[in-house]
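What the coordinates show
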Amino acid sequence: MRVANYYGPEDLRVESVDEAVLDSNEVRIDVVAAGICGTDLHEYTGGPDLTPAEGTTHPLTNASLPVPLGHEFSGTVVEVGSDVSEVAEGDAVTVNPALVCGECRYCSEGRHNLCESVANIGLSARSGGFSEQAVVPAANVVPLPAGIPVEYGALVEPLSVGLHAVRRSGMQAGDSVAVFGAGPIGISIVQAVAAGGATEVFVSEPRRKRREIAEMVGATTTLDPMADDSVDVINASTNGGVDVAFEAVGIEPTFRAAIESTKRGGQITCVGISDDDVGLTPNELVVVERTINGSNGYLSGPLADREFRMAVQYLESGEFDPEAMITGRIRLDDIVEDGFEDLLDPDSEHVKILVEP
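These numbers were taken from a predicted model, which means no experiment stands behind them.

**Considerations on the domain arrangement of the protein chain**
Segmenting the protein chain into domains produces domain 1 (2–143 + 322–355) and domain 2 (159–294). For domain 1 versus domain 2, the distance between C-alpha centres works out to 28 Å. Of the residues lining the interface, twelve residues belong to domain 1; the matching set on domain 2 comes to 16 residues. Together, M325, E349 and V351 form the three largest contributors to the area buried by domain 1 at its contact with domain 2, with a combined 48%. Remark: the boundary between domain 1 and domain 2 carries zero salt bridges. Applying the counting criterion to the domain 1 and domain 2 interface returns three residue pairs in polar contact (both at pLDDT 80 or more). Here the residues of the side of domain 1 that touches domain 2 are counted per class, giving four nonpolar, four polar and four charged.

**As for the sheet that holds strand β15 (residues 262–270)**
Spatially, the six strands line up as an open sheet ordered β13-β12-β11-β14-β15-β16, and their pairing is parallel. Looking at strand neighbours, the two that pair on one side only are β13 (221–223) and β16 (291–294), the edges of this open sheet. Direction aside, neighbouring strands of the sheet carry axes that sit 15 degrees apart on average. As defined by bridge partners, strand β12 (residues 200–204) adjoins β13 across three bridges and the pair is classed as parallel. Its bridge partner lying in β13, F202 is registered against T221. Against the sheet, helix α4 (residues 184–195) engages β11 (176–180), β12 and β14 (242–247), with an angle of about 170 degrees to β11.

**A few points about the pattern of salt bridges**
If charged atoms from side chains of opposite charge come close, those side chains can pair. For the structure on display, the rule yields 16 salt bridges. With a closest N to O distance of 2.4 Å, E26 and R126 form a salt bridge. On the criterion of sequence distance, the pair formed by E26 in strand β3 (residues 26–35) and R126 in the loop between β8 (119–120) and β9 (133–137) is long-range, its members being 100 residues apart. Of the residues examined, E26 reaches a relative accessible area of 8% and is grouped as buried. Here R126 falls in the partly exposed class, since its relative accessible area comes to 44%. One salt bridge connects E151 with R329, and the closest N-O pair in it is separated by 2.7 Å. Of the two residues, E151 is situated in the loop between β10 (141–143) and α3 (156–169) and R329 in strand β17 (residues 326–330); the sequence distance between them amounts to 178 residues.

**A word on the side chain of D243**
Tracing the backbone through its elements, the reader meets D243 in strand β14. A relative accessible area of 18% means that D243 is categorised as buried. Side-chain polar atoms of D243 contact the side chain of K263, separated by 2.6 Å.

Rules used in this analysis
- Residues numbered from 1 in each chain as written.
- Predicted model: local features only at pLDDT ≥ 70, side-chain atom pairs only at ≥ 80, totals over all residues.
- Heavy atoms only, no water.
- Domains from an automatic or database assignment.
- Contact = heavy atoms within 4.5 Å.
- Buried area = accessible area lost by both parts, 1.4 Å probe.
- Salt bridge = Lys/Arg side-chain N within 4 Å of Asp/Glu carboxyl O.
- Polar contact = N/O pair within 3.5 Å; in protein donor to acceptor, adjacent residues only side chain to side chain.
- Nonpolar A, V, L, I, M, F, W, Y, C, P; charged D, E, K, R; others polar.
- Pairing = 2+ DSSP bridges.
- Helix = DSSP H or I, 4+ residues; strand = E, 2+ residues; numbered from the N terminus.
- Axes fitted to C-alpha atoms, helices over the stretch in contact; angles between N-to-C directions.
- Buried < 20%, exposed > 50% of the residue type's maximum accessible area, 1.4 Å probe, protein only.

As structure tokens, then:
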């Protein structure tokens, strides 16, 4: 079968490999669609990071380079292991990619997304979604209702990231919200806060197409930070700041703006991943009783289906709009030039490109 294997920075190769042997607790999926994620782009430009380092194996999966990429995907089950009863051949499914040890402190506390040895299908395992087929544990599979196009299942993973962030934030119906960054996760957050009853949703994003998509899925006001002072506009429009802000980029300007546009006693939830110093002074929290927290992924392990099923239900009800997020569809053989390289173009207006093997 054909698969996109990651060998190292800017070295992603579409090649033919033998089909994986199916264990008793696994299922084989014919992949219908897989989304290219910002994490994939980070690995491509600067990894290995979440993929195993060269010459090493992952402590949980024993995977080593090259590894197949693609952790946002959906498809149809074509084979099930002898011990599998949760799904059957012919079922349409999406996949929660997180693999956890089940033994560390965080798994014992039920916080499996913080597992000390976490691995991910499509980053640090033997299978991934940028492939004609994927073999995954049945426990990571989440069925899709008949009314949802199978390709939309590839959007459940990023939508679940946004849903988890909103649940972490404690946002309540009636709150005002600001979202800084309208990439796939920012757009997912916009959809989740709109579904959760936010009354005002400000989105700050420099790319025009992304602002337009944000408006399509729930933003009430969109701002171009290159032309507008987003903090001033938000503060003036809300009498001193929003109830909840989300930082979905991971750079100092958006981190600062998220803090400065939040009211006294407000909440900032950070989803953007970065190792950079973003600048913070204690008084920005202490004397105004703001709170900052982080949000990582989604529930996983024994709870793998919980937030994924919530996202699926929102898709089924129409409260989440996956089509608005899809800005391109490409074939597997074109994944580097028309996928990764296009998304890395600083002038790209893409949000989510789906790879359809």
